Amino acid sequence: MTHDHPAAPDRGVSRPFGRLLTAMATPFTADGSLDLDGAVRLATHLVDEQGNDALVLNGTTGESPTTSDAEKETLIRAVVEAIGDRAQIVAGVGTNDTRHTIELAAAAEKAGAHGLLVVTPYYSRPPQRGLVAHFTAVADGTGLPIMMYDIPHRAGVPIETETLVRLAAHERIVAVKDAKGDLTATGWVTSRTDLAFYSGEDSLTLPTLAVGGVGLVGTSTHFTGALAKQMIEAYDAGDTGTALALHRRLLPLFTGIFRSPGTILVKAGLNVLGLPAGPVRPPLVDATDDELALLRADCAAAGLDLPE
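Conventions and cut-offs
Residues numbered from 1 in each chain as written. Predicted model: local features only at pLDDT ≥ 70, side-chain atom pairs only at ≥ 80, totals over all residues. Heavy atoms only, no water. UniProt positions renumbered as here; feature names shortened; annotations may be inferred. Buried < 20%, exposed > 50% of the residue type's maximum accessible area, 1.4 Å probe, protein only. Helix = DSSP H or I, 4+ residues; strand = E, 2+ residues; numbered from the N terminus. Pairing = 2+ DSSP bridges. Right-handed = clockwise from strand over helix to strand, strands pointing away.

You'll find the protein chain entered in an unreviewed UniProt entry as 4-hydroxy-tetrahydrodipicolinate synthase, with Micromonospora humidisoli given as the organism. One UniProt comment on the protein chain, placed under Subcellular location (unreviewed entry), says "Cytoplasm". Per its UniProt entry, the protein chain bears the Catalytic activity (unreviewed entry) comment "L-aspartate 4-semialdehyde + pyruvate = (2S,4S)-4-hydroxy-2,3,4,5-tetrahydrodipicolinate + H2O + H(+)".

With four of its five residues buried, strand β3 (residues 88–92) lies for the most part within the structure. Pairing geometry for strand β2 (residues 54–57) and β3, over four bridges, is parallel. Across the sheet, the residue bridging to Leu-57 is Ala-91, located in β3. Running through helix α2 (residues 69–83), the crossover from β2 to the neighbouring parallel element β3 is right-handed. Looking at chain direction, β3 and strand β4 (residues 115–119) are connected through three bridges and run parallel. When the sheet's bridge partners are listed, Gly-92 is paired in β4 with Leu-117. You can see the chain leave β3, run along helix α3 (residues 98–111) and come back into β4, and the turn it takes is right-handed.

Structure below.
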């Protein structure tokens with residue numbers, strides 16, 4: 001089918017961090033210490049080979065609960081220096097302590113980050129007005145654009161629609177990593193604000209685009225990035241058939257990467273491919289042979305090779 005007036009590449013939406021981001025694993029050496037050279041090599045691979053427009057450092061996939069503040073800052077500096085001219089670096093700085101989050105945000109900004117990912121304060125389960133106060137305080141304390149991370153199954157509380165609408169008025173709160181899994185709520189917020197919604201669930205990327213989303217912050221995209229980006233670009237160009245075909249092709253890995261906490265299988269796959277990863281830090285545990293076999297099967301189902 002031809003279009004006399006094909007859809008504009010951006011569909012009129014704002015993409016402050018591009019179309020495709022990967023929440024990058026943090027490589028460690030065999031003894032569990034930070035592997036900075038490995039981080040630079042992995043970041044370079046994700047940008048140059050997998051097509052990422054931006055990388056999220058120090059997120060959950062980056063094992064942020066087990067890395068020190070100093071390690072976080074050192075990692076940002078090294079990756080910004082290596083690839084910061086070719087991709088944006090978004091630093092995960094969210095904690096369940098507003099004061100500590102503001103400190104991490106300041107350190108990330110000083111280290112050269114281009115944006116911040118701020119997760120809903122977890123475990124404490126603050127009320128919605130507490131969320132407004134938290135995100136506003138962080139945004140007031142930085143010069144960087146902020147992507148809020150709405151992930152109720154980890155945080156314990158959602159960022160409700162009215163809260164998102166209220167926070168969208170802040171000039172530095174520009175985006176949402178949406179792992180709520182409520183596409184109706186997402187559609188309401190994208191219709192009422194200019195917030196850029198990035199799917200935080202790999203498998204919900206295509207339906208998120210359909211209700212006004214702009215891209216993906218992925219985990220399986222350590223392996224699927226180039227094809228996931230093609231899917232988003234196809235949708236943007238109005239070629240929904242190609243986008244759907246790519247969604248269906250990648251679905252086994254979009255979902256399979258989460259058979260265990262994503263970091264575990266990401267690092268297992270990277271290690272098999274000879275890319276920097278190393279072990280996970282406790283309380284996570286490295287993948288078993290059976291888990292690795294399932295990952296290989298998921299990759300094969302998606303038409304991607306994970307060698308023996």
